[in-house]
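What follows is each chain in one-letter form.
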Amino acid sequence: MKISIIQNNCGIPKYKQIISQIERALVDELLFKEDKLPSVNKVCLANSLSRDTVLQAYDELKKRGIIYAIPGKGYYIKSTQILIKNRVFLLFDELNVFKEDLFNSFLDSIGEDVQVDIFFHHFNSSVFNKLINDSNGNYTKYIVMPTNLKDVTATIATLPPNEVYILDQTNEDLMMFPAVYQNHKKDIYEGLVKGKKMIEKYKKLILIFPGFREPLGMRDGFLKFCNDYSFDNEVITEFKDRTITDGEVYVIPNDRDLVSVIEKGKQQEFKLGKDYGIISYNESPLKKVVENGITTISTDFQAMGKILAHMVLKNQKENIENKSALILRNSL
């Protein structure tokens, strides 16, 4: 294929003219998968263009997944799907029922001409860094869940700054990037304040906080509430081998611990919502029916997905705090 007849003063940037020519060649079946494109130097010489102009065109096609580069050999056709205008790199911490709601909401809102590739770092910094390093330069947008991982800010900073979005948790070091996030300290504090009259029926608040995956702001908000309203409290790292005492309320971020507490209550023949209480973190359909209803403090994950998709499509650069609410049920 020959790339030529780049027009001056036509109102269309020259790099976009190169892209259009390649797209047209794919539509007309003049180019096929694995075909080699003209070298950057060849296109420059044939059209009196700068290397930056040609590289900009090729980089854009690379981000969209249409071409790929082999160092020292050149550029090749990777896909003939030219309708894909954006390729999104989406890095989650893990997949659970809450993140699945977020992901499905994002997919429903982002549109059919956007390709979304999802990856998981499973709270492992090495995996996180490798996935970003391997994907850098291959996508038009990068959406990252850094959670509470340490020493990953420098890796995120290697990505194109105008193409990065932070999801779910952010921090001071990442405030230069647009984000849709939870304010865990504020959310748990305000949720407990809203449920204060129900909590006052009990004697003690206990937060089960392993601290490995859970946001630190959650613990800070819990302790602030207990201090501000003079509630006897305790923070424990695990529930294993613990006996429930009459009058305790358990605040439980992890659903495995939720099951353990409910099972223990049954073994002790305690009645949930009377002898002891539970406040779970993150809403799910199952919590509406388990034990006649589990009280939750939760952000709206579906709303988070919709907001994120809108930001990406409109190229918005904002930091948006997603709303959270206390949903009172019979467990309190």
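Enquirer: Could you clarify how one ought to interpret the sheet that holds strand 4 (residues 114-120) in this entry?
Expert: Adjacent strands of a sheet form backbone hydrogen bonds with each other and so pair up, either parallel or antiparallel. Taken in spatial order, the 6 strands make up an open sheet running 4-3-5-6-7-13, and their pairing is parallel. Lying at the two open borders of the sheet, with one neighbouring strand each, are strand 4 and strand 13 (319-321). With strand direction ignored, the average angle separating the axes of adjacent strands in the sheet is 15°. One ladder, built from 3 bridges, connects strand 5 (residues 141-144) with strand 6 (residues 164-168); its direction is parallel. Within strand 6, the residue paired with Tyr142 across the bridge is Val164. Helix 5 (residues 125-135) contacts strand 3 (86-92), strand 4 and strand 5 of the sheet and is inclined by roughly 170° relative to strand 3.

Enquirer: Please clarify how helix 3 (residues 51-63) should be interpreted in this entry.
Expert: An α-helical segment advances 3.6 residues per turn. Residues three or four places apart therefore align on the same side. An ideal rise of 1.5 Å per residue puts 18 Å on 13 residues; helix 3 measures up with 18 Å between its terminal C-alpha atoms. Of the residues making up helix 3, those classed as buried are Thr53, Val54, Ala57, Tyr58, Leu61 and Lys63. On its buried face, helix 3 is in contact with helix 1 (14-27), helix 2 (40-47), strand 1 (67-70), strand 2 (74-77) and strand 3. One or two positions beyond helix 3, positive phi appears at Gly65, with a value near 80°.

Enquirer: Got a minute to help me understand the packing of aromatic side chains in this structure?
Expert: Any aromatic ring pair is given by two values, namely how distant the centres are and how the planes are angled relative to each other. As enumerated under the stated definition, the model contains 15 aromatic pairs in all. Taking the centre distance of 6.0 Å and the plane angle of 75° together, the rings of Tyr139 and Tyr142 count as edge-to-face. The exposure class of Tyr139 is buried, given its relative accessible area of 5%. Since its relative accessible area comes to 0%, Tyr142 is described here as buried. By way of ring pairs, the aromatic residues Phe89, Phe119, Tyr139 and Tyr142 are connected into one cluster. Taking NZ or CZ as reference, Arg87 lies 4.4 Å from the ring centre of Tyr139, over its face.

Enquirer: Is there a simple way to explain the sheet that holds strand 9 (residues 233-236) in this structure?
Expert: Spatially, 6 strands are ordered 9-8-10-11-12-14 in an open sheet, and the strand pairing comes out mixed. Of all strands in the sheet, those with a lone pairing partner are strand 9 and strand 14 (324-327), marking the two edges. Taking each pair of neighbouring strands and ignoring which way they run, the sheet shows an average axis angle of 15°. Taken together, the 3 bridges between strand 11 (residues 277-281) and strand 12 (residues 295-299) define a ladder with parallel strand orientation. Within strand 12, the residue paired with Ile279 across the bridge is Thr295. Along the sheet, helix 10 (residues 255-267) makes contact with strand 8 (204-208), strand 10 (248-252) and strand 11, crossing strand 11 at roughly 165°.

Enquirer: What should I look at first to understand the nonpolar core in this one?
Expert: For soluble globular proteins, the rule of thumb is that nonpolar side chains tend to be buried together. Judged by nonpolar contacts, the single largest core of 22 residues is most densely connected at Ile18, Ile22, Leu37, Val54, Tyr58 and Ile67. Counting only elements with at least two residues in this core, the list comes to helix 1, helix 2, helix 3 and strand 2. It is helix 1 that provides the largest number of residues to this core, a total of 6 residues. If we ignore the near neighbours within four places in the chain, the residues touching Ile67 are Leu37, Tyr58, Leu61, Lys62, Tyr75, Tyr76, Ile77 and Lys78. Counting residues in hydrophobic clusters, the runner-up holds 21 residues, among them Leu90, Phe103, Met145 and Met311.

Enquirer: Mind showing me how you'd approach the environment of Met304 here?
Expert: Residue placement: Met304 occurs in helix 11 (residues 301-314). Sequence-wise, Met304 and Glu172 are 132 residues apart; in three dimensions their C-alpha atoms are separated by 20 Å. In contact with Met304, not counting residues within four places along its chain, are Leu102, Leu167, Asp168, Val180, Tyr181, Gln182, Thr299 and Asn322.

The rules we used
- Residues numbered from 1 in each chain as written.
- Predicted model: local features only at pLDDT ≥ 70, side-chain atom pairs only at ≥ 80, totals over all residues.
- Heavy atoms only, no water.
- Pairing = 2+ DSSP bridges.
- Helix = DSSP H or I, 4+ residues; strand = E, 2+ residues; numbered from the N terminus.
- Axes fitted to C-alpha atoms, helices over the stretch in contact; angles between N-to-C directions.
- Contact = heavy atoms within 4.5 Å.
- Expected span 1.5 Å × (residues − 1).
- Buried < 20%, exposed > 50% of the residue type's maximum accessible area, 1.4 Å probe, protein only.
- Phe/Tyr/Trp six-rings, centres within 6.5 Å; stacked < 30°, edge-to-face > 60°.
- Lys NZ or Arg CZ within 6 Å of the ring centre and 35° of its normal.
- Core = buried A, V, L, I, M, F, W, Y, C linked by side-chain atoms within 4.5 Å.

The quantities given are spatial measurements derived from coordinates; they are silent on function.
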